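Structural overview
The residues making up each chain are set out below.
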Amino acid sequence: MAVLRVKFTKDKRDKLAQVLWILNWISVVTGAILFSLGIFLKVEINKRWELMAEKDIQYVPNMLIAVGLLACGINFLGGKICYDCVDTTKFLRWKLIMLPYIICTFFFTFCVLVGALMCYGMQSELEDALTMGLSEAMRFYKDTDTPGRCFLKRSMDMLQIEFKCCGNTGFRDWFQIQWISSRYLDTSQKEVVDRLRSNVEGKYLMDGVPFSCCNSNSPRPCIQWQITNSSAHFNYDYQTEELNLWMKGCRQALLDYYNHIMRSIGLTVLITWLFELSVLTGVRYLQTSLENVLRQGDPNCESDGWLLENSFVETARSNLNIIKNLGKCNQIDTTNNGDPNINIPSTSKADYGPDNVPPKQIPADS
Amino acid sequence: MAVGKVTFTKAEREKLAQLLWLLNWISVLTGVILFSLGLFLRVEIQKRQEVMSDQEILYVPHMLITTGLVACCINFLGGKICYECTDTSKFLRWKLVLLPYIVCTFFFTFCVLVGALMCYSIRNQLEESLFLGLRNAMRYYKDTDTPGRCFLKRTVDLLQMQFQCCGNAGYRDWFHVQWISNRYLDMTSSDVRDRLRSNVEGKYLMDGVPFSCCSTLSPRPCIQQQVTNNSAHYNYRHQTEQLNLWRRGCRQALLDHYTSIMRSIGLIVLLIWLFELLVLTGVRYLQTAMENVLRLGNPDCESDGWILENSLAETARSNFNIIKNLGKCYQVDDDPNINPVS
């Protein structure tokens, strides 16, 4: 009735222990890889924290870092155990630890799977954070004299140059905000005053973009002022001109970049999860076969190894009973007020043997 | 009279051979490092070949690549030889090869040293090449419709943005070059025609720079047109404005970049040269010690090892004589078949 029973000779057990020792050490390396992937993702997110609104997306790299460290620790212990399991006498040392170790590793692999799924699930939160963050950054682009916001111009310029993008969804986003500070506007000039008055909120809006939107592939010098006015520039048609500015929006550019990173990391974590599962299965087989060897007494005989001793349903039922009894242990016994020293008079009929004669009372000495 | 004489017991000889075997394998690794340093330098120079007028400085990475490959082979052979030198019988196989091998390795280490010194000496040539290359690139910046030059605009823009520089020596170099193509100049406009006529060569010059010269550190939007005209922009003085455009010239920026790379590479090559010299000295000692063992006849006895058997002057003299006699061999001697009258 055991689940997936396999017979192991002594040679097979030794070989299994050796293979598992190597696999556990490879798993330590994959744990280190997981850890470094988590650190890499954390660094990449922190690099652009100014352009992301306050959303809790740090939980994904933190999860990966924790899982990576745990993997190193668990697999290091597993390697030590498997190394000792070749010898039956050394196995006795680890006998009591092995079942808790296997259960812990099982829950740990579940955490690895959750980590992999998180990588794929973070995308929508990231999109929200970027949308809000970029619109804030563009709004405060001009505030280079306000402490706490003075670096946003530089961040935005570097972002647009590096990722070859312009604005939030496109270059027109710059037409709707005032990105030139009032410090550099000559309010004595008529045009400036007219433009300020024509806007409801008194903002200086125009169809121009910062220099960082300029496309380096353009064959002509960059047109960043009066973009929508085809007659302001010689030989220029604004509807057909595609090479002048970057056409992609920065939100899309950053999303593509981060999605690519997370997909690669998610795939690596999934592969690590499958690997850990296979190592765990091997360790379980090793544990059950060595325990059967001890039960039979002869270190050189064949023994069975399995995943579960009884069927899945029976194992679940017995485990539930164990948990229930653990619960019952803690209930207080109320019949004697708890004191076992009180003699409870028996209410049932006494049994005086086959002839039913009560014993003689021994007279006390006077 | 021998130079650097050291006495070796049998155990010491064997230990020396094993140590040299290990060192030779480490030298194979350093040869691979040399090779990859040469490749890296070549790639870096090729990346910016468009702003360099000539590619003659490629001889430095080529030298490093060749030296790296030769180092791998020489040290691989040396490792094999030293492995077998622990056994006197196997040493006989290599006896005749060993001296030529040592002489070749000596000249090879000399090449490594030359490679290291080259890295420090090409600065002037590089500067000249960059000056001419950048000047041409800026001159052809506007020719985006000419095949063979159409990519220069993009190259210069990316260069100025990446290295945070502007122009050849500074941003004023752009004032002497027409960087806007005639295709985008409205010839019907009187301003344009006046400007073209005011210049001797008919070039459209102005005090403006391309957008790639704009500094990202500036607190105000970039001023790239009428840079020297204070009244054209509100609250602007071009004499005191430091943050608007990149101040450094691209020639200086590229020179600094390449000089730092070459200094690091030169230092690593010098260290590799010292290591090779050390290995060579060890192999020479091993060779002389083993030859003396053969001369004495007893494989277990002590023997001397040295760098040169006689003093430096005597060795030089005897080598000259050998070379002179080699020369004399080729002189036509009288026919030995004729019996000279005594």
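Criteria and cut-off values
Residues numbered from 1 in each chain as written. Chains lettered and ligands numbered in written order. Predicted model: local features only at pLDDT ≥ 70, side-chain atom pairs only at ≥ 80, totals over all residues. Heavy atoms only, no water. Domains from an automatic or database assignment. Contact = heavy atoms within 4.5 Å. Buried area = accessible area lost by both parts, 1.4 Å probe. Salt bridge = Lys/Arg side-chain N within 4 Å of Asp/Glu carboxyl O. Polar contact = N/O pair within 3.5 Å; in protein donor to acceptor, adjacent residues only side chain to side chain. Nonpolar A, V, L, I, M, F, W, Y, C, P; charged D, E, K, R; others polar. Axes fitted to C-alpha atoms, helices over the stretch in contact; angles between N-to-C directions. Helix = DSSP H or I, 4+ residues; strand = E, 2+ residues; numbered from the N terminus. Parallel < 35°, antiparallel > 145°, perpendicular 65-115°, else oblique. Left-handed = near helix turned anticlockwise from the far one by under 90°. Core = buried A, V, L, I, M, F, W, Y, C linked by side-chain atoms within 4.5 Å. Buried < 20%, exposed > 50% of the residue type's maximum accessible area, 1.4 Å probe, protein only. Phe/Tyr/Trp six-rings, centres within 6.5 Å; stacked < 30°, edge-to-face > 60°. Lys NZ or Arg CZ within 6 Å of the ring centre and 35° of its normal.

As annotated in an unreviewed UniProt entry, chain B carries the name Peripherin 2-like b and is attributed to Myripristis murdjan.

With that settled, the discussion passes to the domain arrangement of chain B. Residues and elements named next belong to chain B. When the domains of chain B are assigned, the result is domain 1 (6–138 + 258–309) and domain 2 (142–251). Contact with domain 1, which involves 10 residues of that partner, is made by 14 residues of domain 2. On the domain 1 side of the contact with domain 2, R48, E50 and M138 bury the most area, a combined 54% of that side's loss. At the junction of domain 1 with domain 2, the criterion picks out 0 salt bridges. Inspection of the domain 1/domain 2 interface yields 3 residue pairs in polar contact (both at pLDDT 80 or more). Residue composition of the side of domain 1 that touches domain 2, grouped by class: 6 nonpolar, no polar and 4 charged.

All right, on to the packing of helix α5 (residues 152–163) of chain A against helix α7 (residues 250–296) of chain A then. All names here are of chain A. As a packed pair, α5 and α7 sit with axes 10 Å apart at the nearest point and diverge in direction by 65°. What the angle tells us is that α5 and α7 run roughly perpendicular. The way α5 lies across α7 gives a crossing that is left-handed. From α5, L159, Q160 and F163 reach across to α7, where they touch C250, A253, L254 and Y257. Partitioning the contact of α5 with α7 into residue classes produces 6 nonpolar, 1 polar and no charged.

Residues and elements named next belong to chain B. Counting residues in hydrophobic clusters, the biggest one holds 83 residues, and the most contacted among them are L41, W174, I265 and L286. Among the secondary structure elements, those contributing two or more residues to this core are α1 (10–47), α2 (59–84), α3 (88–121), α4 (123–139), α5 (152–163), α6 (190–198) and α7 (250–296). Of the residues forming this core, the biggest block, 18 residues, is contributed by α7. Beyond its immediate stretch of four places on either side in the chain, I265 contacts L37, F40, L41, L64 and C119.

All names here are of chain B. Mapped onto the fold, E44 is located in helix α1. A distance of 3.2 Å separates polar atoms of two side chains, one belonging to E44 and the other to K47. With residues near it in sequence (within four places) discarded, E44 still touches H257, Y258 and I261.

Attention now goes to the packing of aromatic side chains. Within the structure shown, the criterion is met by 20 aromatic pairs over all chains. Consider the rings of W21(B) and Y83(B), whose centres lie 5.7 Å apart with planes at 45°: the pair is tilted. Highlighted residues: W21(B) in helix α1 and Y83(B) in helix α2, separated in sequence by 62 residues. Judged by centre distance (6.3 Å) and plane angle (75°), the ring pair of W174(B) and W179(B) falls under edge-to-face. Residue W179(B) is classed as buried on the basis of its relative accessible area of 4%. Following the ring pairs from residue to residue traces out a cluster consisting of Y141(A), W174(A), W179(A) and W225(A). Over the aromatic face of Y140(B) sits the side chain of R149(B), whose NZ or CZ is 3.7 Å from the ring centroid. Across from the ring centre of Y204(B), 5.7 Å away, lies the NZ or CZ of R195(B), which sits over that ring.

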